[in-house]
Amino acid sequence: MIGVDELTIGILGVVLLILLVLVGMRIYAAAALTGFVGLVCLRGWDVAVAIVGTIPHSKTVFYSLSVLPLFILIGFFAFHAGLTAKLFETAKRWVGWAPGGLAVATVFASAGFAAVSGASTATAAVFSRVAVPHMSEFGYKPRLTAGVIAAGGTLASLIPPSAILVVYAIIVEQSVGKLLLAGLVPGVVSVLIYVLLIVTMCKVQPSLGKSIKGFSWRERFESIPGSLPIVLVVTIIFGALYTGTATPTEAGAVGAAVIFVVYVIRALRERSVLKYAKNFRIALMETARLSVMIFTLIWGVFVFVRFLGYAQLPMAFSDWIVTLEVEPIFIMICILLAYAVLGMFMDAIGMLILTLPVVFPAVIALGYDPIWFGVLVVKMAEICLITPPIGLNCFVVAGVSQELTSKTGESLAIPLQDVFRGIAPFFVADVVTVAFLLLFPDIVMWLPNTMQGSPA
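Residues numbered from 1 in each chain as written. Predicted model: local features only at pLDDT ≥ 70, side-chain atom pairs only at ≥ 80, totals over all residues. Heavy atoms only, no water.

K.L.:
Pulling in residues and values, what's your account of the pattern of salt bridges?
P.N.:
For the coordinates displayed, the defined rule picks out ten salt bridges. Two residues, E6 and R43, come together in a salt bridge whose shortest N-O distance is 3.7 Å. Of the two residues, E6 sits in helix α1 (residues 4–22) while R43 sits in helix α2 (residues 27–43), which places them 37 residues apart along the sequence. Given the relative accessible area of 35%, R43 is considered partly exposed. For E137, the salt bridge goes to K407, with nearest N and O atoms at 3.6 Å. On the criterion of sequence distance, the pair formed by E137 in helix α7 (residues 120–137) and K407 in the loop between α20 (392–401) and α21 (416–439) is long-range, its members being 270 residues apart. A cluster of three or more residues bridged by salt bridges with shared partners is formed by E89, K92 and R93. (Salt bridge = Lys/Arg side-chain N within 4 Å of Asp/Glu carboxyl O. Helix = DSSP H or I, 4+ residues; strand = E, 2+ residues; numbered from the N terminus. Buried < 20%, exposed > 50% of the residue type's maximum accessible area, 1.4 Å probe, protein only.)

K.L.:
Which residues make up the packing of aromatic side chains, and what values go with them?
P.N.:
Taken as a whole and judged by the stated rule, the model has 17 aromatic pairs. For the pair F77 and F260, a centre-to-centre distance of 5.9 Å together with 35 degrees between the ring planes defines the contact as tilted. Of this pair, F77 sits in helix α4 (residues 67–80) while F260 sits in helix α14 (residues 248–269), placing them 183 residues apart in sequence. Residue F77 is classed as buried on the basis of its relative accessible area of 3%. Here W94 and F221 contribute two aromatic rings whose centre-to-centre distance is 5.2 Å and whose plane-to-plane angle is 90 degrees, an arrangement assigned as edge-to-face. With W94 in helix α5 (residues 83–95) and F221 in helix α12 (residues 217–223), this residue pair connects regions lying 127 residues apart in the sequence. Through a chain of ring-to-ring contacts, three or more aromatic side chains come together here, namely F77, F260, Y263, Y276 and F280. (Phe/Tyr/Trp six-rings, centres within 6.5 Å; stacked < 30°, edge-to-face > 60°.)

K.L.:
Could you give an account of the nonpolar core, with specific residues and numbers?
P.N.:
Residues Y339, W372 and F373 are the most contacted members of the largest nonpolar core, which totals 160 residues. In terms of residue count, helix α15 (residues 273–311) provides more of this core than any other element does, 13 residues in total. Non-local contacts of F373, meaning those with residues more than four positions away in its chain, are made with Y168, M332, I335, Y339, L356, V359, F360 and V363. (Core = buried A, V, L, I, M, F, W, Y, C linked by side-chain atoms within 4.5 Å. Contact = heavy atoms within 4.5 Å.)

K.L.:
Mind laying out the environment of V21, listing which residues take part and the relevant values?
P.N.:
Mapped onto the elements of the fold, V21 is located in helix α1. Here V21 falls in the buried class, since its relative accessible area comes to 15%. Sequence separation of V21 and A31 is ten residues, and the distance between their C-alpha atoms is 8.9 Å.

K.L.:
Explain unusual backbone geometry residue by residue, including any values.
P.N.:
Backbone geometry places E173, a non-glycine residue, at a positive phi of 60 degrees. Position of E173 among the secondary structure elements: in the loop between α9 (163–172) and α10 (176–182).

Such coordinate-based values are descriptive only and should not be taken to indicate function.
Here you go:
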């Protein structure tokens, strides 16, 4: 029987963690501090120190974690090699003829960059610089411009290689390879729903954004070579994962090597070795900073998870959920709604770290597949990136636009309130996508269930 004192300490620990986060303490520090104090209360000083002292090393040497810096590095290499601008130009020439053509091109280009990046805020920042000047030049409404870029950035959370999917896999100890594959089809569905939304909006209200015509077939085909390195990397990663010929880490290493070779070739071709050498260092530093941030979050959460395990809080919550006399689907909807509310006040990774140790055992007890649930949770994390008052992608778009000017020197700054107005239709589109994933689980599970190998 669960000790009342232990359970009470567990509940108080959760409350303390929430309070520390609300007053502004970093999530990794709040989780580690709360976990340590809780372990001291439950098992004493010596045990607590021993656990906290061994977690950073034991979790850092996790083989599955090595995939994170490689995927992040691919994205930064691709950006500094100028591949994002090439990707946008290709998309513009091929789909610019549609209503809202530049907005549609931004979605497709964001999806392409997401397939080699995995960082949502980085995707939003990159395409703010690339797409805002183009869309402003062709008279697109600022709210549509901002909404498309912020929403397009969220695709990096779901389309592999996704850093958040990897973090989820590590926390709940599931296959990284299966989760990455599971995110592909839902990611494509999200892209198509975004495109359908943009075309419909611009068809009903043409003043939002016009189509871009006049590109010949020759010009379209001439734009393809600039995007081929990204296509090659995506093919390598997905091919390796699907056939089981390589682990996610090995696939990420090959992908990073390919992008690095492209980077060197562009440096030599443009005769700008010093410039590219400087950007190479910047790419490494940015990769290190983001990787350390994620690793530190994981260390903190594992200290907190160990504390919850001793307090037996996840087991108690799971037992309570199972005894509720309601259909499991209603419980799942309530869990997703809770994530939507939490997303208004904290970032995506922090939200997962705070909730999964308690929620995940209950979800499994209800009979749901952990891979399917992971994709649903990450999709909710996408929504959090565009939900006020936090909405990190919205702040990124507004912030980057402050630095941009038109060809005539006019400021292209987009006020934050316009960004939030522009994101509203895409929020509705994301809700529709979540409903699809709830009603048709095979959208998520088809690809991982047909996977030929079993990479870690």
